[in-house]
Amino acid sequence: MSTGLENLRIDNEEVVNDEDRSTFEQSQEIEREDSVSAEREKEECFSPSSLPEEDEVIKDAWCDPENPRRCTFQDISAAAYMIKSGIQRTPCTKSLGLSKITGMEIFFKKEFLQITGSFKERGARYTLMMLSPEQKKRGVVAASAGNHALALAYHGTDLGVPVTVVMPISAPLMKVESCKGQGATVIVKGAHLGEAKEIALKLGKENGYQYINGYDHPHIIAGQGTMGLELVEQVTDIDAVLIPVGGGGLIAGTALAIKSLYPNIQIIVSFIR
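Below or above, wherever it landed, is the structure these notes cover.

Reading the values: rules and limits
- Residues numbered from 1 in each chain as written.
- Predicted model: local features only at pLDDT ≥ 70, side-chain atom pairs only at ≥ 80, totals over all residues.
- Heavy atoms only, no water.
- Helix = DSSP H or I, 4+ residues; strand = E, 2+ residues; numbered from the N terminus.
- Buried < 20%, exposed > 50% of the residue type's maximum accessible area, 1.4 Å probe, protein only.
- Areas by Shrake-Rupley, 256 points an atom, 1.4 Å probe, with all protein chains shown as cover.
- Pairing = 2+ DSSP bridges.
- Right-handed = clockwise from strand over helix to strand, strands pointing away.
- Core = buried A, V, L, I, M, F, W, Y, C linked by side-chain atoms within 4.5 Å.
- Contact = heavy atoms within 4.5 Å.
- Arc of directions from axis to C-beta.
- Axes fitted to C-alpha atoms, helices over the stretch in contact; angles between N-to-C directions.
- Parallel < 35°, antiparallel > 145°, perpendicular 65-115°, else oblique.
- Left-handed = near helix turned anticlockwise from the far one by under 90°.
- Nonpolar A, V, L, I, M, F, W, Y, C, P; charged D, E, K, R; others polar.
- Phe/Tyr/Trp six-rings, centres within 6.5 Å; stacked < 30°, edge-to-face > 60°.
- Lys NZ or Arg CZ within 6 Å of the ring centre and 35° of its normal.

Details of the overall build of the protein
- Of regular secondary structure, the protein possesses 10 helices and 8 strands.
- Here the protein holds 273 residues, and the buried ones make up 49% of them.
- Accessible area of the protein: about 14000 Å², with a carbon and sulfur share of 50%.

Structure, rendered in structure tokens:
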């Protein structure tokens, strides 16, 4: 049975209240930034001109196709318990305007109300909390153009874990300055995210930092999945959940959480371009 959500859009000629429109636009902007960053990394990481020499290739041990790591529902449940005192339990409220337009009950999970403005905080905090005591002292490193870097910077300071982020020269100045303001060591280097990742991996190897991928990491996925646990507690009788996709960490964790509890709920993928 079709839910009609796949054709959901906002018509400029329809009347939608300011709160609904603001919620929709902020959510779309956050997901668009993450999607663009993720797509650039996927495309540019494997560009022949950007690949290092064969003997210089540094692998991310947590993201190795030859040795994949699993994320389970139990991991998500553990993450929810561990991070609950450090992240916001964001509201999931009904949109009267869009519900009227579509003839369905439409709810928005307002993750932009996290301290740094995105769901990325969930995975960042859980991953930092799962580090060994020794690794917490050494610190972590990541490559990001914005939200992942900012989430790590904020929660790294809160948990006492040194954070270094490598941001490409295309990263928004506001995000760069925000990361610095949250206490991270910020290195702006690399023509694109692929180059920034190579630099971050090299820094990690040289200094003993753990590299944290922004979406393809089991603890990141488990942390993002906690949003799904909250959602099914806040809204009853759900037919379908529409999840934006950038790198894939959010939908991997959230879909696993929701489907483990309610197999009949339909998961609809929304690609942000």
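From this point, the narrative continues.
Brief notes about the pairing of strand β8 (residues 266-271)
- By the bridge criterion, 6 bridges tie strand β7 (residues 240-245) to β8 in an arrangement that is parallel. When the bridges of β8 are listed, Pro-244 appears paired with Ser-270.
- Handedness of the crossover joining β7 and β8 through helix α10 (residues 249-261) is recorded here as right-handed.

A few points about the nonpolar core
- Core analysis: the largest hydrophobic core is formed by 22 residues, its most contacted members being Leu-128, Val-140, Leu-152, Val-165, Met-167, Cys-179 and Val-186.
- Of all the secondary structure elements, the ones that give two or more residues to this core are α4 (120-129), β3 (140-143), α6 (147-159), β4 (163-167) and α7 (173-181).
- With 5 residues, the single largest contributor to this core is α6.
- Setting aside residues no more than four positions away along its own chain, Met-167 makes contact with Ser-144, Ala-145, Gly-146, Ala-149, Lys-175, Val-176, Cys-179, Val-186, Ile-187, Val-188, Lys-189 and Ala-196.

Brief notes about α7
- Burial in α7 covers these residues: Lys-175, Val-176 and Cys-179. Angularly, the buried residues of α7 cover 105° about the axis, an arc narrow enough to put them on a single face. Looking at α7, the residues exposed on the side facing more than 90 degrees away from the buried face are Leu-173, Met-174 and Gly-181.
- Directly after α7, the chain includes Gly-183, whose backbone phi takes a positive value near 100°.

Re the side chain of Thr-116
- In this fold, Thr-116 is placed in the loop between β2 (107-109) and α4.
- In this structure, Thr-116 is in contact with Glu-121, Leu-150, Ala-151 and Tyr-154, ignoring residues within four places of it in sequence.

Comments concerning the packing of α4 against helix α9 (residues 218-234)
- At a minimum axis separation of 7 Å, α4 and α9 run at an interaxial angle of 130°. Of the possible angle classes, the one that applies to α4 and α9 is oblique. Seen from above, α4 lies across α9 with right-handed handedness. Touching Lys-120, Arg-122, Gly-123, Ala-124, Tyr-126 and Thr-127 of α4 are His-219, Ile-220, Ala-222, Gly-223, Gln-224, Thr-226, Met-227 and Glu-230, all from α9.
- Residue classes in the contact of α4 with α9 are distributed as 5 nonpolar, 6 polar and 3 charged.

So, the packing of aromatic side chains
- Inspection of every chain in the model, using the stated rule, returns 0 aromatic pairs.
- The aromatic ring of Trp-62 is capped on one face by Arg-69, whose charged end is 4.1 Å from the ring centroid.

Focus: unusual backbone geometry
- Phi at Asp-237 takes a positive value of approximately 55°, unusual for a residue other than glycine.
- Residue classification places Asp-237 among the exposed positions, given a relative accessible area of 72%.

Here's the deal with the environment of Ala-191
- With respect to the element layout, Ala-191 can be found in the loop between β5 (185-188) and α8 (193-207).
- Sequence separation of Ala-191 and Ile-169 is 22 residues, and the distance between their C-alpha atoms is 5.9 Å.

A few points about the pairing of β5
- Relative to β5, β4 runs parallel, the two sharing 4 bridges. Considered in β5, the bridge of Thr-164 is made with Thr-185.
- Regarding topology, α7 serves as the crossover connection from β4 to the parallel β5, and that connection is right-handed.

Details of the environment of Ala-255
- Within the fold, Ala-255 resides in helix α10.
- Sequence separation between Ala-255 and Gly-225 is 30 residues, and the spatial gap between their C-alpha atoms is 7.4 Å.
- Discounting residues that sit within four places of it in the chain, Ala-255 has contacts with Ile-243 and Ile-267.

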